[in-house]
Amino acid sequence: WILFRVDEAEEAMELPFEDAKDEARIDLIAKNGREALENDAKEIREKLAEAVSGGKSFEEAAGELELEVTSHDDVTYLSEFDDISSPEASREIFQWLTKVNPGEVAEVLNQDLPDQGLTRALISHVTSRELVDDEQLQNTLEQVYRSQEMRLQALSFTNWLAQRYAASAVSYPGQTTP
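Regarding the overall build of the protein
Helix and strand content of the protein: four helices and two strands. In terms of its C-alpha atoms, the protein occupies a principal-axis envelope of roughly 85 × 60 × 30 Å. Considering only intrachain contacts with a sequence separation of at least 6, the fraction spanning at least 24 residues in the protein is 46%. Accessible surface for the protein amounts to roughly 15,100 Å². Of this, 52% is attributable to carbon and sulfur atoms.

As for a nonpolar patch on the surface
Residues Ile2, Phe4 and Val6 make up a contiguous nonpolar surface patch of roughly 430 Å² in combined accessible area. Relative to the assigned elements, Val6 resides in the segment before α1 (17-53).

Focus on the packing of aromatic side chains
The relation between two aromatic rings is expressed through the spacing of the ring centres and the mutual angle of the planes. For the structure on display, the rule yields one aromatic pair. With a centroid separation of 6.0 Å and an interplanar angle of 20°, the aromatic rings of Phe157 and Trp160 are classed as stacked. Of this pair, Phe157 and Trp160 both sit in helix α4 (residues 135-168), separated by three residues, roughly a single helical turn. Overall, the relative accessible area of 48% leaves Phe157 in the partly exposed class.

Details of the pairing of strand β2 (residues 118-122)
Bridge analysis of strand β1 (residues 109-113) against β2 gives five bridges, and the strand direction is antiparallel. Bridge pairing in β2 links Gln111 to Arg120. Taking the residues between adjacent antiparallel strands as the criterion, β1 and β2 are bridged by four residues, where Gly117 takes a positive phi near 70°.

Side note on helix α3 (residues 87-98)
Taking 1.5 Å per residue, 12 residues should reach 16 Å; α3 reaches 17 Å between its end C-alpha atoms and fits that length. Here α3 has its buried residues at Ala89, Ser90, Ile93, Phe94, Trp96 and Leu97. For α3, the angular spread of the buried residues around the axis is 160°, confining them to a single face. Looking at α3, the residues exposed on the side facing more than 90 degrees away from the buried face are Pro87 and Glu88.

A short note on a negative patch on the surface
A cluster of acidic residues, Glu18, Asp19, Asp22, Glu23 and Asp27, forms a negative patch on the protein surface. For Asp22, the location among the structural elements is in helix α1.

Observations regarding unusual backbone geometry
Residue Glu66 is not a glycine yet carries a positive backbone phi of 60°. When you line up the elements, Glu66 lands in the loop between α2 (58-64) and α3. Residue class for Glu66 comes out exposed when judged on its relative accessible area of 75%.

Details of the pattern of salt bridges
On inspection of all chains with the given rule, the structure shows seven salt bridges. Glu38 is paired through a salt bridge with Arg34; the nearest N and O atoms lie 3.0 Å apart. Here the residue Glu38 and the residue Arg34 both occupy positions in helix α1, the gap between them amounting to four residues, near one helical turn. Exposure remark for Glu38: the relative accessible area of 22% places this residue in the partly exposed category. Glu107 serves as the salt-bridge partner of Arg45, at 3.3 Å between the closest nitrogen and oxygen.

What counts as what
Here the residue index of a chain counts from 1 through its sequence in written order. Only residues with pLDDT of at least 70 are given local features in this predicted model, and only at 80 or more are side-chain atom pairs given and counted; all residues enter the totals for whole chains, interfaces and linings. To get the side-chain values, all heavy atoms of the structure are used, and hydrogens and water are removed first. In DSSP terms, a helix is any run of H or I states spanning at least four residues, a strand is any run of E spanning at least two, and both are numbered starting from the N terminus. Whether two residues are in contact is decided by their heavy atoms, any of which lying within 4.5 Å being enough. Calculation of accessible area relied on Shrake-Rupley with a 1.4 Å probe; when residues are assessed, cover is drawn exclusively from the protein chains displayed. Patch construction takes residues with relative accessible area above 30% that form no salt bridge. Like charges are linked within 9 Å, and nonpolar side chains (Val, Leu, Ile, Met, Phe, Trp, Tyr) are linked within 5 Å. Just to be clear on terms, a salt bridge is a Lys or Arg side-chain nitrogen sitting within 4 Å of an Asp or Glu carboxyl oxygen. Any pair of Phe, Tyr and Trp rings, taking the six-membered ring for Trp, is counted once the centres come within 6.5 Å. Such a pair is stacked with planes under 30 degrees apart, edge-to-face with planes over 60 apart, and tilted for the rest. With a 1.4 Å probe rolled over the protein chains alone, any residue whose accessible area is under 20% of its type maximum counts as buried; one over 50% counts as exposed, and the rest are partly exposed. For two strands to pair, DSSP has to find at least two bridges joining them. One less than the residue count of a helix, multiplied by 1.5 Å, gives the span that helix is expected to have. To be clear, the arc concerns the directions from the helix axis to the C-beta atoms. Counted as positive: Lys and Arg. Counted as negative: Asp and Glu. His and the chain ends are not counted at all. Think of each charge as sitting on NZ of Lys, CZ of Arg, CG of Asp or CD of Glu.

Laid out in structure tokens, this is it:
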């Protein structure tokens, strides 16, 4: 249940021109900044991919472009990638990395981090991928499997009951049959 009470209603009013102008200016600057970031990141990604396919290491290519490289070993779905990422942002990064083949440069991931007032573009290079036996992940997968199995059993039983009821042509006193 969602309950709320309205204590006071304010009439809608137009913003004064100066206030609206300031808000529009801030929005335009943010929009233009994001577009510039996305375009620059795409160009950098293309240069990195070209250098890596030409035989350079990702670190060498990034160094030539004066980019900061951060390395993460043993990345899992619970990894924290930096001090500013929320758990949701970290999961988004992990999902993004799972779609990159080892040896390739990933497509750009643009992330908005509203808590920090940041927008960032990430470019990654996955060097290797290994299967890891993670007991916690295995337990989670087994729980999801059991939950789905029970759900399918309940749906099957409900469907069976509906079919049996329809086939029995049960009628109640005073009920008209169609």
